[in-house]
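# Chain and residue survey
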Amino acid sequence: MTALAAILLGAALLAWPAALNGYPLVFIDSVSYLGHTLFPEWPWDKTAAYGPFLHLFHWGWSLWPALAGQVLLLSHLLWLTQRAARGGVTVAAHVLLCVGLAALTAAPWFAATLMPDIFAAVAPLCLLLLGFARDRLSGREAAWLVLLGAFAVATHLSHLPTSLALVAFVAVATRGLVAPLRAALPVALAVASLAGANTFAFGAPSLSPHGAAFLLARLQADGPAAATIRANCPSARWYLCGHAGRLPMDSDEFLWDAAAPPNRTPDGRSIEMGAMRLAPEASAIIATTLRERPAEVALAMARNTLRQATMVEVGDTLGNAHLAASARRAIAVMPARELAAFDGAAQMRGELPTRTAPFLLPHLPVLLAALPLLAAAIGLALWRGDRVRYGLLAGIVVAVAVNAFATGALSAPVDRYQARIVWLLPLAAVLGLLPRFGAGLTVEEQVRARMAAWSTSSSSS
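Residues numbered from 1 in each chain as written. Predicted model: local features only at pLDDT ≥ 70, side-chain atom pairs only at ≥ 80, totals over all residues. Heavy atoms only, no water.

### Some remarks on the layout of surface pockets
The calculated volume of the second largest pocket comes to roughly 410 Å³. Along its surface, the second largest pocket is lined by 18 residues, and Phe 132, Gly 385, Asp 386, Arg 387 and Val 388 are the ones closest to its centre. Elements represented by at least two residues in the lining of the second largest pocket include exactly α8 (119-132), α10 (159-174), α11 (178-202), α21 (363-384) and α22 (387-409). Among the elements that make up the lining of the second largest pocket, the one with the highest residue count is α22 (three residues). Classifying every residue of the lining of the second largest pocket by side-chain character gives seven nonpolar, four polar and seven charged. (1 Å grid on protein atoms, 1.4 Å probe; cavity = no way out; pocket = protein on both sides within 12 Å on 5 of 7 lines; lining within 4 Å. Points joined across faces, edges and corners; volume = space filled by probe spheres on them. Helix = DSSP H or I, 4+ residues; strand = E, 2+ residues; numbered from the N terminus. Nonpolar A, V, L, I, M, F, W, Y, C, P; charged D, E, K, R; others polar.)

In structure tokens:
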């Protein structure tokens, strides 16, 4: 019961930005996840996992229960992570950890936002715990992490490259077969569920039936794909040949602007869901670009990865740009009091960025201070032969680095993409340097030790 109380308190601490706002935070893309079950409308550019998760809690009534479910998942995962890293956990240790994360990092801002962004950090923790700390988990906890990890990977396609990299890291670090298989199980479940959902929705057993449109948007913005189109047209007979003179352009403009090439014909006729319809041609252009310009593509991807790694601010998720035409449209399906609460919140009134500015100031200094401390913690774990801590800490570094590639190189460098996961670095530094509980005993060893202590106490009394 004390553990439950600590986890509940930790969840409340991580939800504080929603209290500051007066409502759970949303983003322009929240409409796709909410609308999945409220309209209903299957999102062609999103996975099918997060929308039903939200509906499991809100039921078209209120988004506060959805927020509560999200922060509870995170608080419980942090409890398990600290216990695995330190060989034990106390109520005070968990609450202090949540206080620190809530006050000094980006974690609560993404935990309080109804988007799958927070699960970019949840997925690596699940996989690393399964790979390196299975003996510090009960059977039920391990099973729960498999399910939570699978869901976290499935909530957004950008989580998949990071997860695959972590499975490879576990294999290299443990030099075995069982540990990476444990870490791979959630990934396999996520892949199977995504393929099944897309088969049902689009008739194709694909992880991302229309994902090529997003990569093409990135490659033409960087230049290589635009050069490929100019070099191969008109003989290639691609639709985009008619727009070759307009490329390159900003990737978001390419995908979403009503006058962009995918969404309007050369003679001015609009094309509904143009980026989705362009996906087959996008695949052909990408393949040609990779074949003809591999060095240019690699250079652009490296440049975008490095740029993404340095973009860690929270602010681009706090404004009200386009919310009236997106998230508000979904919330309007709910009871009138819910819409009134959303309209009255600081975010929708455009006041949230100003209101939150002082609270965001510690994020960058804390992150920069954490980097040398984390390096020291990894070195200390190696020196002590603490394979669990080393695996968790080094794995978090791998996850943060690969996330920069999966988002910056394959989509576009955006602050929120890296800010959603970079808070794991201060977390890792703290867990790596704090003293261990119980000399790293397994769950079974801790139980036996407690029973022995209880027996000794009873006999002496």
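Resuming the write-up.
### Here we look at helix α6 (residues 91-104)
Between the first and last C-alpha of α6 there are 20 Å, a value that for 14 residues agrees with the 20 Å anticipated at 1.5 Å per step. Within the sequence span of α6, burial applies to Ala 93, His 94, Val 95, Leu 97, Cys 98, Leu 101 and Ala 102. (Expected span 1.5 Å × (residues − 1). Buried < 20%, exposed > 50% of the residue type's maximum accessible area, 1.4 Å probe, protein only.)

### Comments concerning the packing of aromatic side chains
Under the definition given, this model contains 16 aromatic pairs. With centroids separated by 5.7 Å and ring planes inclined at 70 degrees, the aromatic side chains of Tyr 23 and Phe 342 adopt a geometry described as edge-to-face. Of this pair, Tyr 23 sits in the loop between α2 (16-21) and α3 (30-38) while Phe 342 sits in helix α19 (residues 336-344), and the two are 319 residues apart along the sequence. Like Phe 342, Tyr 23 is buried. Members of the aromatic cluster, connected to one another through ring pairs, are Tyr 33, Tyr 50, Phe 53, Phe 57, Phe 119 and Phe 151. (Phe/Tyr/Trp six-rings, centres within 6.5 Å; stacked < 30°, edge-to-face > 60°.)

### Focus on the pattern of salt bridges
Summed over the entire model, instances satisfying the criterion amount to 14 salt bridges. For Lys 46, the salt bridge is made with Asp 45, and the minimal N-O distance between the two is 2.8 Å. Exposure remark for Lys 46: the relative accessible area of 12% places this residue in the buried category. A salt bridge links Asp 267 to Arg 269, with the nearest nitrogen and oxygen atoms 3.2 Å apart. Within this structure, Asp 117, Arg 416 and Arg 420 form a network of salt bridges that share partners. (Salt bridge = Lys/Arg side-chain N within 4 Å of Asp/Glu carboxyl O.)

### Comments concerning a nonpolar patch on the surface
There is a patch of nonpolar side chains on the surface, built from Met 1, Leu 4, Leu 8 and Leu 72 and spanning about 420 Å² of accessible area. Tracing the chain through its elements places Leu 72 in helix α5 (residues 64-86). (Patch = residues over 30% accessible without salt bridge, like charges linked within 9 Å, V, L, I, M, F, W, Y side chains within 5 Å. Areas by Shrake-Rupley, 256 points an atom, 1.4 Å probe, with all protein chains shown as cover.)

### Description of the environment of Met 276
With respect to the helices and strands, Met 276 occurs in helix α15 (residues 274-277). Between the C-alpha atom of Met 276 and that of Pro 209, which follows or precedes it by 67 residues, the distance is 8.7 Å. Sequence-distant contacts of Met 276, defined by excluding residues within four places in its chain, comprise Trp 44 and His 210. (Contact = heavy atoms within 4.5 Å.)

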